[in-house]
Amino acid sequence: MELTTGFWRFKALAAAVDLGLFTTLSGLGSANAAELTAALHLDPRPARMLLASCASLGLVVRENDRYRNSETAEHFLVEGRPHWFGGFVRYSDRHAYPAWHDLQKALLTNRPTTWDPDTQESAFVTADPAILNDFWGAMFTLSSFTADALADAHDFTPHRRLLDVGGGTGAFPAGLCRRYPHLRATVLDLPRVTAMTREKMAGLGLEHAVSTHDGDFLAEPALPEGHDVFLLSMILHDWDEATGRALLTKCHAALPTGGTVIICELVLDNDETGPAPAALMGLNMLIETRSGHNYTHAEYTDWLTGAGFTDITTVPLVAAGANAAIVARKP
């Protein structure tokens, strides 16, 4: 029953975010049902149902007939807050959720359903800019917490210069350079992305620590040199095995002797029975990409060995964006 009705919870959350419930409550501090009904322009019956649902999910707290945001909602679901996650809720609701309705089609055709690979370069080319802004903002929040988990799990003290391959708006470099002030980082991504990265780093006061390099890490024959640690975070699951192996070979060629590569992903168990976040992310790659897949520990180890890396270790992570960091060295 929980599996079958799981979408009830998501759609209640998505509706509350779209209606501005949590942002409104944050501004008011607390409010009774009548005040919220008026503020959200709802009739009393649906307002009562929405508030009951959000209270049952731990998103709002009811005390003496007044409602306030839970700690989680106040932190993540109030628009304008540093860790605003409502953008990802909106992105999922408007972009991914409709595509998951066609999951059976994707399974039968082995083609994405969020975009048409016959007419589009990718889902990001023709998507609504507002949806993409929501996506990038939410990815920064998600990756920031994953970066904190990585900083706890792996000691970056020996490293000096980090290259974040396909690093988006720079959440990992921002978090890692704050934790390790000696570290300097470069984000390698497409020009339309690095423009956002520079704006983000300027807003965080990290221009001195995080720079950008415009480039296509798939199309270009070599990766930038001058870095002793490469990070591939939530990158390899976007592509097929041949592409992943080729990218790791480029990493090996660009790293100095003794350099390190780190794969940060939701990794499948070797018997492919879980964990559920990794397995279900794999299905999400089916509807989002031409050839993406979530891979096993054994597969990543084999790819790294084939590229020439040694001393391969897996560091468990507890984070929404990754469950493991696979670390390897260039001998």
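Shown above is the structure to which this text applies.
Heads up: these notes are all about the structure in this document.

### So, unusual backbone geometry
Alright, step 1. Along the chain, G274 connects to P275 via a cis peptide bond; the corresponding omega equals -5 degrees.
Alright, step 2. Tracing the backbone through its elements, the reader meets P275 in the loop between β8 (260–265) and α12 (276–288).
Alright, step 3. The phi torsion at M234 lies on the positive side, around 55 degrees, for a residue other than glycine.
Alright, step 4. When you line up the elements, M234 lands in the loop between β7 (229–233) and α11 (241–254).

### Let's talk about the pairing of strand β3 (residues 66–69)
Alright, step 1. Here β3 shows a clear split, with Y67 and N69 buried on one side and none of R66 and R68 buried on the other.
Alright, step 2. By the bridge criterion, four bridges tie strand β2 (residues 60–63) to β3 in an arrangement that is antiparallel. Note on β3: the bridge partner recorded for R62 is Y67.
Alright, step 3. The loop that links β2 with its antiparallel partner β3 comprises two residues; one of these, N64, has a positive phi angle of about 50 degrees.

### A word on the sheet that holds strand β6 (residues 210–214)
Alright, step 1. If you walk across this open sheet you meet the seven strands as β6-β5-β4-β7-β8-β10-β9, and the pairing is mixed. Of all strands in the sheet, those with a lone pairing partner are β6 and β9 (310–316), marking the two edges. Neighbour to neighbour, the strand axes of the sheet diverge by 20 degrees on average, direction disregarded.
Alright, step 2. Sheet topology note: the β7/β8 ladder contains five bridges and is parallel. Counted as the bridge partner of S233 is C264 from β8.
Alright, step 3. Across the sheet, α11 lies against β4 (161–165), β7 and β8, angled at about 165 degrees from β7, the strand it touches most.

### Considerations on the nonpolar core
Alright, step 1. One finds L150 and I262 to be the most contacted residues of the largest nonpolar core, which totals 30 residues.
Alright, step 2. When sequence neighbours within four positions are dropped, the list of residues in contact with I262 reads L150, H154, F156, V229, F230, L231, L232, A325, I326 and V327.
Alright, step 3. Grouped together as the second largest cluster of nonpolar side chains are 26 residues, V165, L188, L236 and W303 included.

### Comments concerning the packing of helix α8 (residues 129–153) against helix α9 (residues 171–179)
Alright, step 1. In contact at an axis separation of 8 Å, α8 and α9 are set at 40 degrees when each is read in the N-to-C sense. As the angle between them shows, α8 and α9 are arranged oblique. α9 is crossed by α8, and the crossing has right-handed handedness. Where α8 abuts α9, its residues F140, S143, S144, T146, A147, D148, L150, A151 and D152 lie against A171, F172, A174, L176 and R179.
Alright, step 2. For the contact of α8 with α9, the per-class residue count stands at eight nonpolar, three polar and three charged.

### Notes on α12
Alright, step 1. Under the 1.5 Å per step criterion, the end-to-end length of α12 is 18 Å for 13 residues, consistent within 8% with the ideal 18 Å.
Alright, step 2. Buried residues of α12: A278, G282, N284, M285, L286, I287 and E288, and no others.

### Thoughts on helix α6 (residues 86–100)
Alright, step 1. The end-to-end C-alpha separation of α6 is 19 Å, in line with the 21 Å expected for 15 residues at 1.5 Å each.
Alright, step 2. Taken residue by residue, α6 has G86, G87, V89, R90, Y91, S92, D93, H95, A96 and A99 as its buried positions.
Alright, step 3. At its buried positions, α6 is contacted by α1 (6–19), α5 (71–76), α7 (103–109), α8 and α12.

### What to know about the sheet that holds β2
Alright, step 1. One open sheet accounts for three strands, arranged β1-β3-β2; its pairing is antiparallel. Among the strands making up the open sheet, the edge pair consists of β1 (31–32) and β2.
Alright, step 2. As judged from the two bridges shared by β1 and β3, these two strands associate in the antiparallel manner. Directly across from A31, in β3, lies its bridge partner Y67.
Alright, step 3. Lying over the sheet, helix α2 (residues 21–28) contacts β1, β2 and β3, oriented at roughly 105 degrees with respect to β3.

### Some words on the packing of aromatic side chains
Alright, step 1. Tallied over the entire structure, the rule returns nine aromatic pairs.
Alright, step 2. Ring geometry for F85 against F88: centres 5.3 Å apart, planes inclined by 45 degrees, an arrangement best described as tilted.
Alright, step 3. A residue is classified by how much of its surface remains accessible, and F85, at 22% relative accessible area, is partly exposed.
Alright, step 4. Its relative accessible area of 24% is what places F88 among the partly exposed residues.
Alright, step 5. Note on F88 and Y91: the rings are 6.1 Å apart at their centroids and 20 degrees apart in plane angle, and the pair reads as stacked.

### Considerations on a nonpolar patch on the surface
Alright, step 1. Nonpolar side chains collect at one region of the surface, where M1, F7 and W8 lie side by side and expose about 410 Å² of accessible area between them.
Alright, step 2. As for its position among the elements, W8 is in helix α1.

Calculation rules
- Just so you know, the residues in each chain are numbered from 1, in the order the chain's sequence is written.
- Per-residue local features of the predicted model are confined to residues with pLDDT of at least 70, and side-chain atom pairs are confined, for both listing and counting, to 80 or more; whole-chain, interface and lining totals are unaffected and use all residues.
- Hydrogens and water molecules were not included; the side-chain quantities draw on all heavy atoms of the structure.
- Strands are runs of DSSP state E lasting at least 2 residues, helices are runs of H or I lasting at least 4, and numbering of each runs from the N terminus.
- Between buried and exposed lies partly exposed: a residue is buried under 20% and exposed over 50% of the maximum accessible area for its type, with that area taken using a 1.4 Å probe on protein chains only.
- At least two bridges found by DSSP between two strands are what make those strands a pair.
- In this analysis an axis means a line fitted to C-alpha atoms, helices contributing only their contacting stretch, and an angle means the value between N-to-C directions, from 0 to 180 degrees.
- In what follows, residue pairs with any heavy atoms lying within 4.5 Å of each other are defined as contacts.
- Joining through side-chain atoms within 4.5 Å is the link that ties buried Ala, Val, Leu, Ile, Met, Phe, Trp, Tyr and Cys residues into a set, and such a set is a nonpolar core.
- Each angle receives one of four descriptions, namely roughly parallel if under 35 degrees, roughly antiparallel if over 145, roughly perpendicular if within 65 to 115, and oblique otherwise.
- What makes a crossing left-handed is the near helix being turned counterclockwise from the far one by less than a right angle; a clockwise turn instead makes it right-handed.
- Here the term charged refers only to Asp, Glu, Lys and Arg, the term nonpolar to Ala, Val, Leu, Ile, Met, Phe, Trp, Tyr, Cys and Pro, and the term polar to all other amino acids, Gly among them.
- Here the expected length of a helix is defined as 1.5 Å per residue gap, with one fewer gap than residues.
- Stacked, edge-to-face and tilted are the three classes for Phe, Tyr and Trp ring pairs, Trp counted by its six-membered ring, which pair at centre distances within 6.5 Å; planes under 30 degrees apart are stacked, over 60 edge-to-face, the rest tilted.
- Here a patch means residues that are over 30% exposed by relative accessible area and free of salt bridges, tied together within 9 Å if like-charged and within 5 Å if nonpolar (Val, Leu, Ile, Met, Phe, Trp, Tyr).
- The method behind every accessible area is Shrake-Rupley, applied with a 1.4 Å probe, and residues are considered shielded solely by the protein chains displayed.
- Between Lys or Arg on one side and Asp or Glu on the other, a salt bridge is scored when a side-chain nitrogen of the former is within 4 Å of a carboxyl oxygen of the latter.

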